[in-house]
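So you can see what is in the structure, the chains are spelled out below.
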Amino acid sequence: MSTATPRQMTSLGELASKRQDSTDANTPAKIDVEKLNFYYGDKRALQDISIRIKPNLVTAFIGPSGCGKSTFLRTLNRMNDIIPGTHADGRILIDNVDIYKSGMDVVQLRRRVGMVFQKSNPFPKSIFENIAYGLRINGMAGSKSELAGRVEESLKQAALWDEVKDRLHESALALSGGQQQRLCIARALAVRPEILLMDEPASALDPIATQRIEELVYDLKKTYTIVIVTHNMQQAARVSDHTAFFWLGRLVEYDRTEKIFTAPAEKLTEDYVTGRFG
Amino acid sequence: MSTAPLALAADPASGRLAWRRFADVAFQVVALFVLLVALASLAALIWDIVADGATRLSLDFITSFPSRRASQAGIWPALIGSIFIILVTAVLAVPVGVAAAIYLEEYGGRSLGARLIELNITNLAAVPSIIYGLLGLGLFVRMLGMGRSVLAGASTLALLVLPVVILSTREALRAVPGSLREGSYALGATKWQTIWHQVLPVATPGILTGLILALSRAIGETAPLIIAGAVTFATFAPDSIWSPFTVLPIQIFNWVSRPQVDFHGNAAAGILVLVLLLLSMNGVAIWLRDRYTKKGAA
């Protein structure tokens, strides 16, 4: 693993000095959200969300259940489109292109903005086929050896290769929960996304498996822009550079993680991160 | 252990405990009894048929044509007719039914139109089969000029089983977990790629089960085929989709309604052939289903 694993970084005070401040306005935002509202039927689930998410950092979304953090995450690759009766207004710019504009190719968007779900959902196929699927459907498979090479590379990126290299053609469902989740991460990485959305990726895993996912997130941010939803505030503190706190469909506060956890500007944020409600 | 009675006495639920245990056992006994009644009547039926028909069942019986003499009469044209009809029915009904179900389930949405269509299909599944026979006679035999052919009969049966195929396929598609679809969409798959590569393979065992139930219903149908022009005394086996034909249930019906007792033995033997045909169809379906289930897990 890298020199500073997230597990070692539990002391928040230490963190503040290590992390560069990139909320400053001159770093261009990878994802720029302006006044986003999102509706399930008539019910407004997100209200006037505006946030600028920086490239090559980990941004954590925290907040109590039902606060809209997962809903917001799923607007970033338009995953909510498949739920009937939903709609969004406002703008979400990814690399300055509005992903909700008419004529936007959602299929291409989702290739660029990968997603890992709360409950690992490997396809009921072999380990190899789980990774190869995304490459095949996107016409990225190339020759047989290119495909095999890409599968290996993805599994290595997800720190799963050594555990599965001798059983690539066995069912993915035979893997442990933590391995399945890393397989899902490898699957998402295989199609070379720029952004990786993670919806509570470790909430169903034991502490060891959780630690491996967190270490992975820490490594992956060199290459990807990562947005992670989590219930676990220690996890947000360990893995993220920036943290956004959501409450009742609103974005209450968004700042550098150590600021959110040590000196939040809002009383509500303070009450939540100190465990007074939530 | 000595404290156990005390603990029980303190348990507020213990008052009804004896009654709950009795109800538990009583339900089990009643369920078993009902199951035995059902099995016993089925066994009696099969025993009766075997007793009447087993002696007539022979290779000769299977490969012979009908005859005026019961001892020489065989079931060959009806057997081939049944197999032929069911194959053509499957070829017609399966692609249309599965495709319709995919459209309704995956693309149709929840609009008023889609719900109306759904209601209609559910109703159609309960329409008496003789109505389909009348439709087949009017539409296929006369209007479309198919005549009294295998194609007309199979088309009629295809219409008859279509609602069942659609409903069971929809159920199978609906049972595919949403997380699988999401996983596929999240990788940049189109709707069709998701359906073809992820949803259909997982739904296949369920779809096959529904198909076999639908086709099993079709193979036992008599009324619509009599109306749509099956012949009752076939001295030839159908050799093309334009041939006249008969099927096992019609041949059986024909024999049962004759006054000579010897023919009743033929009818019983015919029933045995039909039951064996059904069993082998179901066997193939179970084999296919297991094969696909294993393939999915491997």
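Residues numbered from 1 in each chain as written. Chains lettered and ligands numbered in written order. Predicted model: local features only at pLDDT ≥ 70, side-chain atom pairs only at ≥ 80, totals over all residues.

## Structural notes on the overall build of chain B
The secondary structure content of chain B amounts to twelve helices and zero strands. Helices and strands in chain B line up, N terminus first, as α-α-α-α-α-α-α-α-α-α-α-α. Computed over C-alpha atoms, the radius of gyration of chain B comes to 25 Å, more than 25% over the 19 Å expected from 2.2 N^0.38 for 298 residues, which places it beyond the range of a compact globule. Projecting the C-alpha coordinates of chain B onto the three principal axes gives extents of approximately 85 × 55 × 40 Å. Of all 298 residues assigned to chain B, the portion counted as buried reaches 37%. For chain B, long-range pairs separated by at least 24 residues make up 76% of all intrachain contacts whose partners lie at least 6 apart in sequence. (Helix = DSSP H or I, 4+ residues; strand = E, 2+ residues; numbered from the N terminus. Rg over C-alpha atoms; globule rule 2.2 N^0.38 Å. Buried ≥ 20, exposed ≤ 12 C-beta atoms within 10 Å, placed from the backbone. Contact = placed C-beta atoms within 7 Å.)

## Some thoughts on the overall build of chain A
When helices and strands are counted, chain A shows eleven helices and ten strands. A compact globule built from 278 residues should have a C-alpha radius of gyration of about 19 Å, and chain A, at 19 Å, falls within 12% of that. Expressed along its principal axes, the backbone C-alpha trace of chain A runs to roughly 55 × 45 × 35 Å. Expressed as a percentage of its 278 residues, the buried residues of chain A come to 46%. The contacts of chain A with a sequence gap of at least 6 include a subset with a gap of at least 24, amounting to 69%.

## Comments concerning the interface of chain B and chain A
At the interface, 19 residues of chain B touch 24 residues of chain A. Secondary-structure elements contributing two or more residues to the side of chain B that touches chain A are helix 8 (178-186), helix 9 (191-219) and helix 12 (261-297) of chain B. Among the elements that make up the side of chain B that touches chain A, the one with the highest residue count is helix 8 of chain B (six residues). When its residues are assigned to classes, the side of chain B that touches chain A shows eight nonpolar, nine polar and two charged. (Nonpolar A, V, L, I, M, F, W, Y, C, P; charged D, E, K, R; others polar.)

## Examining helix 9 of chain B
Compared with the 42 Å implied by 1.5 Å per residue over 29 residues, the 36 Å span of helix 9 of chain B between its first and last C-alpha is markedly short. Along helix 9 of chain B, the sharpest change in direction is near 50° and occurs at Thr204 of chain B; proline Pro205 of chain B comes one to four residues later. (Expected span 1.5 Å × (residues − 1). Bend = angle between axes of the 7 residues up to and from the residue.)

## Describing the sheet that holds strand 7 (residues 195-199) of chain A
All names here are of chain A. Pairing is mixed in the open sheet, where six strands are placed in the order 6-7-8-3-9-10. Two strands in the sheet have a free side with no partner beyond their single neighbour: strand 6 (113-116) and strand 10 (250-256). Neighbouring strand axes in the sheet, compared pairwise and without regard to direction, differ in orientation by 15° on average. Both strand 3 (residues 58-62) and strand 8 (residues 225-229) contribute to a ladder of four bridges, which runs parallel. In the sheet register, Thr59 faces strand 8, and the bridge partner there is Val227. (Pairing = 2+ DSSP bridges. Axes fitted to C-alpha atoms, helices over the stretch in contact; angles between N-to-C directions.)

## Remarks on helix 5 (residues 112-124) of chain B
Along its 13 residues, helix 5 of chain B runs 18 Å from first to last C-alpha, staying within 8% of the 18 Å computed at 1.5 Å per residue. Within helix 5 of chain B, only zero of the 13 residues are buried, which leaves the element largely exposed.

## Brief notes about the domain arrangement of chain B
Residue and element names in this part refer to chain B. The domain architecture assigned to chain B consists of domain 1 (16-53) and domain 2 (59-297). A straight line from the C-alpha centre of domain 1 to that of domain 2 covers 31 Å. Taken residue by residue, the interface counts four residues in domain 1 and six residues in domain 2. (Domains from an automatic or database assignment.)

## Concerning the sheet that holds strand 5 (residues 97-98) of chain A
Strands pair in a sheet through their backbones, by hydrogen bonds, and they do so in one of two ways: parallel or antiparallel. Residues and elements named next belong to chain A. In space, the four strands of this open sheet follow the order 2-1-4-5, with antiparallel pairing throughout. Because the sheet does not close on itself, it has two edges, and the strands there are strand 2 (43-53) and strand 5. Where strand 4 (residues 86-94) meets strand 5, two bridges bridge the pair, whose relative direction is antiparallel. In the sheet register, Leu93 faces strand 5, and the bridge partner there is Asp98.

## A word on the pairing of strand 1 (residues 31-40) of chain A
All names here are of chain A. Where strand 1 and strand 2 come together, seven bridges link them in antiparallel fashion. Its bridge partner being in strand 2, Phe38 is matched across the sheet by Leu46. Counted between consecutive antiparallel strands, the loop separating strand 1 from strand 2 contains two residues, among which Gly41 sits at a positive phi close to 60°. Examined bridge by bridge, strand 1 and strand 4 share eight bridges and lie antiparallel to one another. Residue pairing across strands places Ile31 opposite Ile94, the latter belonging to strand 4.

## Considerations on the confidence of the model for chain A
On average, chain A scores 88 in pLDDT, and the residues at 70 or more come to 90%. Across residues 1-23 of chain A the pLDDT falls below 50, and counting only partners more than four positions away or on other chains, this stretch makes 32 contacts in the model. (pLDDT = per-residue confidence, 0-100.)

## Topic: the pairing of strand 3 of chain A
Residue and element names in this part refer to chain A. Burial analysis of strand 3 places five of its five residues in the buried class, the great majority of the element. Alternating residues of strand 3 divide into Val58, Ala60 and Ile62 and Thr59 and Phe61, and every residue in both groups is buried. Here strand 3 pairs with strand 9 (residues 242-247) via four bridges, running parallel. Directly across from Ile62, in strand 9, lies its bridge partner Phe245.

## Focus on the confidence of the model for chain B
With 93% of its residues at a pLDDT of at least 70, chain B reaches an overall mean of 87. Note on the complex model: pTM 0.80, ipTM 0.86.

## Brief notes about the packing of helix 4 (residues 76-107) of chain B against helix 7 (residues 150-174) of chain B
Residue and element names in this part refer to chain B. Look at helix 4 against helix 7: their axes get within 6 Å of each other, and the N-to-C directions meet at 35°. Here helix 4 and helix 7 pass one another in a crossing that is right-handed. For the contact of helix 4 with helix 7, the per-class residue count stands at 22 nonpolar, five polar and four charged. (Left-handed = near helix turned anticlockwise from the far one by under 90°.)

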